[in-house]
Amino acid sequence: MVDLAATTMVQFLQSSPSFMQKLIVWSQEGSPLRQKGFHFINTPSGFEMVYDIFKNFFNKKNRSRLHLHKKKLESLYKHIPKSMLPAEYGGDAGPIQDLVDAWAKKMLSYKEYFQEEEQYGTDEEKRPSRPKKADTLFGMEGSFRKLEMD
């Protein structure tokens, strides 16, 4: 769930298409999370235009997981039960700060686990295919102001 109440269209228009493409590729291919849905709430005016352009870059499966709720949260409750939402969004789960404090305490209880996990990694040389990098997915970065041909 993404609350865009404190954002303006100027902030969205500062994102370049190449940045958005990288963000979308990362979310679909690079992220270890398997999102069930993206819910945008409290969107600024004009956001729908940008949203409609960039949603077409998502694959069909992830495009179906994008939901725009604007300022009316009734449509959000069809996807996320009120019992799971904080009070600030009309839910019954208590204030956001209480949820933040509870999760911070829970994460700290796993401190030793996270410290142990830091010692593990991968040897990319043993990977059968080439690792995906920005330059292989998107081509060269930068601009060509002068192109000389032989």
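1. Details of the overall build of the protein
Within the protein one finds seven helices and three strands. The linear arrangement of helices and strands in the protein, starting from the amino end, is β-α-α-β-α-α-β-α-α-α. Evaluated residue by residue, the protein yields a buried proportion of 21% over its 150 residues. Considering only intrachain contacts with a sequence separation of at least 6, the fraction spanning at least 24 residues in the protein is 61%.

2. Description of the sheet that holds strand 3 (residues 66-70)
Strand order in the open sheet made by the three strands is 1-2-3, with parallel pairing throughout. The sheet is open, and its two edges are formed by strand 1 (2-3) and strand 3, each paired on a single side. Two elements, strand 1 and strand 2 (residues 38-41), share two bridges in a ladder whose sense is parallel. If you follow Asp3 over to strand 2, its bridge partner there is Ile41.

3. Comments concerning the nonpolar core
In terms of nonpolar packing, the biggest core is built from 12 residues, these being Leu4, Met9, Met20, Ile24, Phe38, Phe40, Phe47, Val50, Tyr51, Phe54, Phe58 and Leu66. Contributions of two or more residues to this core are made by helix 2 (17-30), strand 2 and helix 3 (47-55). Considering every element that reaches this core, the biggest residue donor is helix 3, with four residues. Residues contacting Met20, with those up to four places away along its chain left out, are Ser15 and Phe54.

4. Looking at the packing of aromatic side chains
Scanning all chains against the criterion turns up six aromatic pairs. A ring pair is formed by Phe47 and Tyr51, whose centres lie 6.0 Å apart and whose planes are at 35 degrees; its orientation type is tilted. With Phe47 and Tyr51 both in helix 3, this residue pair falls four residues apart, about one helical turn. Taken as a pair, Phe47 and Tyr51 share a single burial class, namely buried. By the ring-pair criterion, three or more aromatic residues cluster together here, those being Phe40, Phe47 and Tyr51.

Reading guide: rules and limits
- Residues numbered from 1 in each chain as written.
- Predicted model: local features only at pLDDT ≥ 70, side-chain atom pairs only at ≥ 80, totals over all residues.
- Heavy atoms only, no water.
- Helix = DSSP H or I, 4+ residues; strand = E, 2+ residues; numbered from the N terminus.
- Buried < 20%, exposed > 50% of the residue type's maximum accessible area, 1.4 Å probe, protein only.
- Contact = heavy atoms within 4.5 Å.
- Pairing = 2+ DSSP bridges.
- Core = buried A, V, L, I, M, F, W, Y, C linked by side-chain atoms within 4.5 Å.
- Phe/Tyr/Trp six-rings, centres within 6.5 Å; stacked < 30°, edge-to-face > 60°.

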